[in-house]
Amino acid sequence: MDPFLVAAVKAAPTVIVLGPLLGWMLFRGMTVMTSGRMIPRFIAVALIGQFVGNAAFQVALEVIGLAASVPITLGVLIIGGAVLGRVVLGEPVRVTTIVAITTLIAAIVILSSPGESTMPPESTSKLSPLVGALCAAASGAAYALFGVVMRQTMNGGVTATLTMFISGLVGTISLWSFTMFRLGPEVIAMTDPDQWIIMSSAGFLNFAAFVALSYALKALPVVAVNLINASQVAMAAIAGVMIFAEPITSSLVTGIALTFLGLSILATGRKKKLSIQRFKGNQ
């Protein structure tokens, strides 16, 4: 399947579900935003998130597979989220965070090594594993920027519902327009019905994850959300090997082990911070 078509179909359920919900909220006189000053910036970043984040990730999945794409994407997402969260939102970056980020960088380098990366057995892509790794890294960077600006937009007076709808609408219009121009309606019409079902199902699962992510960004710092989100690494590695018969390589095992080490360091740092805060509160 064309990666941009997959990304376009994934974006549509957000609009399909939230469009009527927003209409009902407006009909009931509910507030969907108190300030629209951040919306133009968010639209621009949503466009980056849809094209570079979603579409590039689909390319990476085809070239280097699930087990390698997810750690690379999430590693860059964590690093980018920490840096942008500090610069844009003023969120602190502790020493343990820096140590963990360094560990995750090492994991990314190993996982994206062109000498160790292996294409999935079913892949028909002519791109090299290095290009696939770069696409995964670009996707992570785009997601990091999107997450920071999304949190900034919601803190600036836009509800999570409207923010998600805008992102989905931007993705639906831009990705479908690009796909139509690139493939043409005749090629798209030849898509197998089963593939439409799979892509649509992925779209609704993507929407469910988007809802969870939006409310998490509203309640927690960007770094914390990205770290919890990194639990996908284990899920993707298991799914890639067991479902898609992706090879178990030394780089895959080492990279995933380093990823978990980095996450453990970060988790330990957050626990110590909470303990200190509770101790001071008791005093």
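Residues numbered from 1 in each chain as written. Predicted model: local features only at pLDDT ≥ 70, side-chain atom pairs only at ≥ 80, totals over all residues. Heavy atoms only, no water.

A. Representation of the overall build of the protein chain. If you tally the helices and strands in the protein chain, you get 11 helices and zero strands. Scanning the protein chain from its N terminus toward the C terminus, one meets helices and strands in the order α-α-α-α-α-α-α-α-α-α-α. Buried residues in the protein chain amount to 48% of all 283 residues. Of the roughly 13,800 Å² of accessible surface on the protein chain, a fraction of 71% belongs to carbon and sulfur atoms. (Helix = DSSP H or I, 4+ residues; strand = E, 2+ residues; numbered from the N terminus. Buried < 20%, exposed > 50% of the residue type's maximum accessible area, 1.4 Å probe, protein only. Areas by Shrake-Rupley, 256 points an atom, 1.4 Å probe, with all protein chains shown as cover.)

B. Expanded view of the environment of Ile105. By the element assignment, Ile105 lies in helix 4 (residues 95–111). Expressed as a C-alpha distance, the spacing of Ile105 and Leu258, which sit 153 residues apart in the sequence, is 9.1 Å.

C. Local environment of the packing of aromatic side chains. In the structure shown here, the tally under the stated rule is six aromatic pairs. Summarising the aromatic geometry, the rings of Trp176 and Trp196 are spaced 6.5 Å apart at their centres and angled 15° between planes, so their arrangement reads as stacked. Here Trp176 is found in helix 6 (residues 160–183), whereas its partner Trp196 is found in helix 8 (residues 193–219), with 20 residues between them in sequence. The partly exposed category is assigned to Trp196, whose relative accessible area is 27%. Feature note: the residues Phe4, Phe51 and Phe178 constitute an aromatic cluster, connected by ring pairs. (Phe/Tyr/Trp six-rings, centres within 6.5 Å; stacked < 30°, edge-to-face > 60°.)

D. Quick peek at the nonpolar core. Ranked by size, the top nonpolar core spans 25 residues in total, and within it Leu22, Phe42, Phe146, Met150, Leu162 and Ile166 carry the most contacts. Looking at this core, the elements with two or more residues in it are helix 1 (3–27), helix 2 (39–64), helix 5 (129–155), helix 6 and helix 8. It is helix 6 that provides the largest number of residues to this core, a total of six residues. With residues up to four places along the chain from it excluded, the contact list for Leu162 reads Leu22, Val32 and Met33. (Core = buried A, V, L, I, M, F, W, Y, C linked by side-chain atoms within 4.5 Å. Contact = heavy atoms within 4.5 Å.)

E. The side chain of Thr179, seen in detail. Topologically, Thr179 is positioned in helix 6. With near-sequence residues (within four places) excluded, Thr179 lies in contact with Phe4, Leu5, Ala8, Gly184 and Ile188.

F. Representation of the pattern of salt bridges within the structure. A full pass over the atoms with the stated rule returns one salt bridge. Measuring nitrogen to oxygen at the nearest pair gives 2.1 Å for the salt bridge that ties Arg182 to Asp2. In this pair, Arg182 is assigned in helix 6 and Asp2 in the segment before helix 1, connecting sequence segments 180 residues apart. On the accessibility criterion, Arg182 (43% relative accessible area) is partly exposed. We classify Asp2 as buried; its relative accessible area is 14%. (Salt bridge = Lys/Arg side-chain N within 4 Å of Asp/Glu carboxyl O.)

G. Fine view of a nonpolar patch on the surface. A cluster of nonpolar side chains, Ile238, Met242, Ile243 and Phe244, forms an exposed patch at the surface whose accessible area comes to about 470 Å². Relative to the assigned elements, Ile243 resides in the loop between helix 10 (232–242) and helix 11 (250–282). (Patch = residues over 30% accessible without salt bridge, like charges linked within 9 Å, V, L, I, M, F, W, Y side chains within 5 Å.)

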